[in-house]
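Here is what each chain is made of, one letter per residue.
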Amino acid sequence: METKPLVAITGASSGIGEATARAFSAAGHPVLLMARRMDRMEALGLPNAVLRQVDVRDRAAIAAAVRDAEDRFGPVDMMLANAGIARLADIGRQPPEEWDEMIDINTKGVMNTVHAVMNGMMERRRGTLVMMSSIAGRKVYPDHTVYCGTKYFVHAVSESLREYLSAYDVRVIVLSPGVIETEVLSGVLDEETLANYKSNKVKMGGGIGADIVGDLILNAYQLPQKALVQEICLTPTRQTY
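A brief report on the enclosed structure follows. (Residues numbered from 1 in each chain as written. Predicted model: local features only at pLDDT ≥ 70, side-chain atom pairs only at ≥ 80, totals over all residues. Heavy atoms only, no water.)

**Points about the nonpolar core**
The nonpolar side chains of soluble globular proteins are, as a tendency, buried together.
Okay, so step 1: Counting residues in hydrophobic clusters, the biggest one holds 46 residues, and the most contacted among them are Leu-32, Leu-129 and Met-131.
Okay, so step 2: With 8 residues, helix H4 (residues 96-124) is the largest single contributor of residues to this core.
Okay, so step 3: The contact partners of Leu-129, leaving out residues within four places of it in the chain, are Met-79, Val-114, Val-117, Met-121, Leu-165, Arg-171, Val-172 and Ile-173.
Okay, so step 4: Counting 33 residues, the second-largest nonpolar core is a separate cluster that includes Val-31, Leu-46, Leu-80 and Leu-234. (Core = buried A, V, L, I, M, F, W, Y, C linked by side-chain atoms within 4.5 Å. Buried < 20%, exposed > 50% of the residue type's maximum accessible area, 1.4 Å probe, protein only. Helix = DSSP H or I, 4+ residues; strand = E, 2+ residues; numbered from the N terminus. Contact = heavy atoms within 4.5 Å.)

In structure tokens form, the structure reads like this:
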């Protein structure tokens, strides 16, 4: 049986991270799962899995987790830089500490994740980086000010990385979902913002299942290395904004 390469995922304990872990594991890949909630990753019960309790703000912890998994399963061939947080709120009353948290996790955390695998991919002249952005990285929304800023950052960095890494045959995919059925709302502490978000979600008939996103990532990854889906932008059909 062909041995499939290692896939690594941050934010793997729920939502799109969990769904992607399930999709790649079902396709026969060993997986490195990283998140802060170890119990949730253990509950997945996936075979050939290395589980590490990691906060993406800790660059050394990500690097150590990658080393451990690569020692067992060989090089990481795909990294999903998925971990993120959405502290949506009216910018005029939002505590600056919430800005700090989003900036540190959604921007620095993404770069820490990329740093752990990029040089190895360049040396092997093979690999795929999947960068978690959002439709909020393509347009701005009320009460999304800093969150949008972090996701625009991911888009800009990804465009630059894609150009830089193309000479090494390494692919960079930007993932820009709209409303997905995940735990993202658990990060919204502003009650008015949360109520507005839920109301808009109801109007569009609810979000899309995270499993659909996981399957799309798998499909894009399975293309030949010379073929690149540069961005996946997926929304509910009734999400027109």
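**As for the sheet that holds strand S2 (residues 31-35)**
Okay, so step 1: Judged by pairing direction, the sheet is parallel, and its 7 strands sit side by side in the order S3-S2-S1-S4-S5-S6-S9 without closing on themselves. With partners counted over all chains shown, the strands left at the sheet margins are strand S3 (49-53) and strand S9 (231-234), one partner each. Going across the sheet, the axis of each strand differs from the next one's by a mean of 15 degrees, ignoring polarity.
Okay, so step 2: In the sheet, S2 pairs with S3 via 5 bridges, with the strands oriented parallel. Within S3, the residue paired with Leu-32 across the bridge is Val-50.
Okay, so step 3: This element, helix H7 (residues 210-221), spans strand S4 (76-81), strand S5 (127-132), strand S6 (170-177) and S9 of the sheet and lies at about 160 degrees to S9. (Pairing = 2+ DSSP bridges. Axes fitted to C-alpha atoms, helices over the stretch in contact; angles between N-to-C directions.)

**A short note on the pairing of S9**
Okay, so step 1: Of the two faces of S9, only one is covered, namely that formed by Ile-232 and Leu-234; the face formed by Glu-231 and Cys-233 stays uncovered.
Okay, so step 2: Judged from the 4 bridges that link them, S6 and S9 form a sheet pairing that is parallel. Looking at the pairing, Val-174 lines up with Glu-231 of S9.

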